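Understanding the architecture of this molecule
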Amino acid sequence: MSVMPHLLSMTVLAPFAAALVLFVLPERAGRLIRTVSVLGAAVPLLTSILALRHYDAALRGFQFVEAYPLVPRLGLSWHLGVDGIAVPLLLLTAIIHGTAVFTSWTTTERAKEFYLFLALLVTGVYGVFVSLDLFVLFLFYELAVLPMYVLIGVWGSSMEIEGRGPFGSLFRKIGVGGKDYGAMKLTLYLLAGSAFILVGILLMWVAGAGPMGRPSFDYLALSHVTFSGGLGRSIFLLFYVGFGVLAGIWPFHTWSPDGHAAAPAAGSMMHAGVLMKLGAYGVLRLGFGLLPQAAQQLAWLVGLVAVINIVYGALGAGWQKDIKYLIAYSSVSHMGIVMLGLATLTSVGLAGSVYQMVAHGIMTALFFTLVNLVYHKSHRRDMTAMGGFARSMPGIATFFVIAGLSSLGLPGLAGFVAEFLVFLGAWTSAHPWWAIPGVVGAMITALYVLRAVRTIFLGPARPGDEAPPDAHGVEWVSLVALSSCLVLLGVWPRLLLDPLNAGVADLLARFGS
Amino acid sequence: MIPALVTLCGPLAAFALIGLLPPLRRAGRPAALLSIAGIAVAALASGIQAVPYFRGVAAPATYEFLWAPLTGAPSIRFGLLVDGLSASMAALVALIALLVQVYSLAYMASEKPASLGRYYAYQAFFAFAMLGLVLSHNLLQTYVFWEMVGLGSYLLIGFFWERPEAGRAALKAFWTTRLGDVGFALGILVLWGAAGTFTFTELFAKVGGGAVAGSALSLGLAGITLGAMGKSAQFPFHVWLPDAMEGPTPVSALIHAATMVAAGVYLMVRVAPLLSHAPELMSAIFAIGVLTAFLAATMALVESDIKRVLAFSTVSQLGFMMAAVGSGGAGAAYFHLLTHAFFKALLFLTAGSLIHAVGSNDLFKMGRLARAMPVTAACFAAGALALAGIVPTAGFFSKDEILASVLAGGHPLGFALLVLTAGITAFYIGRAFFLAMLGSHDAEGHAHESPAAMTAPMAVLAVLALVGGALAPSIPRLFAGTIAPPAFEPETAPVFVPILGTLAALSGLALSWLAYQRRSFDPGAVRRAVGPVATLLERRYFVDDAFELVYRRAYLGLSSVVGWFDRYVVDGLVNAATWMTWLVAGRLRGMQNGRVQDALYAVAAGLVLLAWLALGR
């Protein structure tokens, strides 16, 4: 089983090492900076493919485990391991990270710092997915959240949002739509969420010390403790709100449109593609994994909010004129499907939920790459000022349609498998009616996505417009890689479902029903 | 099973090669030839596969593999089902697709090479999706290919994407059918929840054994029926089909004959053994079918665009098929599906030939084309006779079976309405024929006969439209070779059924001859005499307007409400919190000004407070 010792440590530390090397590299070493960044992305890609290939689904449980005590007195340890749920998410992170590096290939402004912060962020993400020690997990979580402030603040883009009515002067004063506003809002919001998580973790540490005989942050140790009644529900709610903010749960989602619209392409790709999944993963791993009783009691709340997310996000997307906001709202809607899958508490729904994390991650990363290309070539983000772009950028138009089709759940692409599994799970759950707004949400997605395709790419070109050129050279890498993944996951779900089923079975084994 | 795989792989390989090799696509003609080769292989393989089923000597065969392993629920298996129904349908689809693709080679010759390559990539994809749908062995896989067929039609209808109308029509087609698919998806969920399987054979066994019954069965089937209504353009989902005429004419032939709209009826025929367990649903399907048949035929009366006349006629004929399904005559519906595919593809291809020659869709700009285009005229006549249901064309036999099954199902009123509709059908197609081919004035421009690549497929279809009635004895044999063979009783339809049908058709044709050829009376005067009714027909019963209203008010309206609410209320609260923080911070900051006097005042005040606290008690 042990293909390679320290497989997971390598996964986490490779991007961190890349960040360290980047730190000492001179600012002008453009080619070297990119090479180091690619290496920092390639090693985890390789290790996560190995992890997927060698994860023994029949054996189940956490595998590739590494454990070294750090502070025994506090129950702190370097304890890594992945189960069938984390393995696909590792791969997702590696794919998005790799393509994000290629998408920002043309970044020339302070490229060294850009790649450094990107590498730090990714280190944090990998860390969360592999950590089995809650304290270490929390540290990695903070590492994943914070670099985004710098990425948006320095490399982001601004777009003025005009406030109407009594909000007019307030909007100007606060600078709504600007990159400083977006960066600050995103960071403060997520840090507020972190506070909830920290309180939750500390409560578990304290309350778990009694039954275990000594305090511990260890996930496996804590998973044998039963936190029942009000305490369990409180901790669950802390995790749900804390991680849920990052997952974009309604009504704490408004950081996402402003933040994702202001962020640079690689930032939006990482954030909407991977970090939002980190939130959902947190709810799943800590909330559902450690507090099954509370999860069962509060599943109705999670499901209800998820259903609101799906419909509300999809409807909100239809109102947007800025193409980045449209994609951001569609993320809010699609994260609702992830959360709905969790709330079903059925193995089909949970597998679908994680499948949707992967499918949406890839799809939204593709979207943000495309939007970035359209923006750089046409210097526009306002869809109403676009039209007929398919003539001069047929390649970009084609890939945009592929991403859109996956987002509206067209069979043959990854989104369909994920959504359908979630709906199957919902239909067999305690609340079958949840499936209805889910399916209707997919219909609304078809409305706004295809309308956007038509507004941007179809119809006659606007008179007097310079034709924006198609993608070229290295720009194709992300587009081809990400859309191939969408097709692969759409036609061959076994690839992920085998480990996912194992992971979900482990998780549900603790639910008495 | 190998012919079925070859059938699928032919068009799929062509699509993959054209799609993945941009130079091939940009070359145009080589891509076209590759696609034609792919569909020719499929046509050959599916033809060979279908022969034993037509002869009634083959049993159903299935092939399946694990697609999505699940825990806590039965895993999802995908596969192929070859039986009398799917084998014959696959052969039909491949044949029509082949003819259309050959025809397109000449029809689309003036397109730029890259554009032609794109056209054939879509064609290959569309054919693959439809063949996959036909050969699916379970409901979920049917849905998968069903949606792909929808995508194919979206791409082909919007082929001339620079024209705003084409983009709009493509969206309308996709959205309207998808609305039905909301029902389809939910229906699949309901049936899966009740039966725990998607596979047709298992589903039939469970329903037949009574394991699945009652509201779950009715609800699930109702959902599937909604999906079929969307695809097969049944009232009120018919709105997309006339607009779909924005696509290239050969595409219309394909969509209207063997793919897309045929999918809905095919699915209903496939699940017909289940429908018989939900009698209320059967009645509803029958009513919808009759209503659609009648309303669409009346709308065709006032249409001047030749393609739209044919489009409404398709909607109407699909209504006939649905009515047959609803009255328990799935065999009759399927028979009509086959013959309709022949004569409707034929009519569209001849219409394309006319449009190619005249450069306009407007019937009133055509006239006396029979002399310049004899082959096209003869083919159009064959198609028109078959559509009208004149003895001994294919249409006569299949329409007769539908009428007989409706009567046998105990629906005398529906029977009367369908006979009337048959008369209207003959009238509007006669009108189109006389206006375009004979008439009193010459067409604009210099009309000329189309090249052989166009006339040859037309000729093949014309022969099929004329002699397709000979398939009638094969239908029971095909159904005997399905996974749920019905207990066929030799139906002895009353002899007045064919007589009534023929009388209706002949009087329709005669009336159109009087109105548009002899000019015995002025159709314009009739139109003026029934003003409001004509307006109602021209506005298509305001169904399009109703959809438009729902889209604008309900969707766009709700969307702006949510968007506004999010920006100004939800986010407004967030921004208000920021603002409050600033406000409070601004006040508090005033205290930390570093002036010694202020600090001393504070110290003094604190001392007074402490003294008061200490002494006051």
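Anything mentioned here points back to the structure above.
The structure reproduced in this document is the subject of the present report. (Residues numbered from 1 in each chain as written. Chains lettered and ligands numbered in written order. Predicted model: local features only at pLDDT ≥ 70, side-chain atom pairs only at ≥ 80, totals over all residues.)

1. A short note on the overall build of chain B
- The helix and strand inventory of chain B stands at 27 helices and 2 strands.
- On the principal axes, the C-alpha backbone points of chain B span a range of 120 × 60 × 55 Å.
- Out of the 617 residues belonging to chain B, those deemed buried represent 56%.
- By sequence separation, contacts in chain B at least 24 residues apart represent 81% of the contacts at least 6 residues apart. (Helix = DSSP H or I, 4+ residues; strand = E, 2+ residues; numbered from the N terminus. Buried ≥ 20, exposed ≤ 12 C-beta atoms within 10 Å, placed from the backbone. Contact = placed C-beta atoms within 7 Å.)

2. Some remarks on the nonpolar core
- Ranked by size, the top nonpolar core spans 433 residues in total, and within it Met339 and Ile362 of chain A together with Ile96, Ala345 and Leu346 of chain B carry the most contacts.
- In this view, Leu346 of chain B contacts Cys379, Ala382, Gly383, Met458, Leu461, Ala462 and Ala465 of chain B; residues no more than four positions away in its chain are not counted. (Core = buried A, V, L, I, M, F, W, Y, C linked by C-beta atoms within 7 Å.)

3. Let's talk about the pairing of strand β2 (residues 76-82) of chain A
- As defined by bridge partners, strand β1 (residues 63-71) of chain A adjoins β2 of chain A across 6 bridges and the pair is classed as antiparallel. Paired with Ala67 of chain A across the bridge in β2 of chain A is His79 of chain A. (Pairing = 2+ DSSP bridges.)

4. Describing the interface of chain B and chain A
- If you look at the interface, chain B gives 43 residues, while chain A gives 44 residues.
- Put simply, the parts of the chain that give the side of chain B that touches chain A at least two residues each are β1 (61-68), α6 (139-157), α7 (164-195) and α26 (543-589) of chain B.
- In the side of chain B that touches chain A, the residues fall into 28 nonpolar, 10 polar and 5 charged. (Nonpolar A, V, L, I, M, F, W, Y, C, P; charged D, E, K, R; others polar.)

5. Overview of the packing of helix α18 (residues 435-457) of chain A against α7 of chain B
- Where α18 of chain A contacts α7 of chain B, the two axes come as close as 10 Å, and the packing angle between them is 165°. Comparing their axes, α7 of chain B and α18 of chain A come out roughly antiparallel. At the point where α18 of chain A passes α7 of chain B, the crossing takes the right-handed sense. Facing α18 of chain A, whose interface residues are Ala435, Ile436, Val439, Val440, Met443, Ala446, Leu447, Leu450 and Arg454 of chain A, α7 of chain B presents Gly167, Leu171, Phe174, Trp175, Arg178, Leu179, Val182, Ala185, Leu186 and Leu189 of chain B. (Axes fitted to C-alpha atoms, helices over the stretch in contact; angles between N-to-C directions. Parallel < 35°, antiparallel > 145°, perpendicular 65-115°, else oblique. Left-handed = near helix turned anticlockwise from the far one by under 90°.)

6. Notes on unusual backbone geometry
- The residue after Phe235 of chain B, namely Pro236 of chain B, is reached through a cis peptide bond having omega 0°.
- Here Pro236 of chain B lies in the loop between α9 (214-231) and α10 (240-243).
- A cis amide bond, omega 0°, links Val391 of chain B with the succeeding residue Pro392 of chain B.
- Positive phi is not limited to glycine here, since Phe64 of chain A has a value of about 55°.

7. Quick look at the packing of α9 of chain B against helix α14 (residues 279-301) of chain B
All names here are of chain B.
- At their nearest, the axes of α9 and α14 sit 10 Å apart, and the two run at 15° to each other. Between α9 and α14, the crossing angle belongs to the class labelled roughly parallel. Pair α9 / α14 crosses with right-handed handedness. Taking contact as the criterion, the partners of Ser218, Leu221, Ala222, Thr225 and Met229 in α9 are, on α14, Glu280, Leu281, Ile285 and Ile288.
- Taken together, the residues that form the contact of α9 with α14 break down as 6 nonpolar, 2 polar and 1 charged.

8. Things to note about the environment of Phe129 of chain A
All names here are of chain A.
- Residue position: Phe129 is located in helix α4 (residues 111-130).
- Sequence separation between Phe129 and Arg285 is 156 residues; the distance between their C-alpha atoms is 9.5 Å.
- Look past the residues within four positions of Phe129 in its chain and what remains in contact with it is Ala86, Leu89, Leu90, Thr93 and Tyr281.

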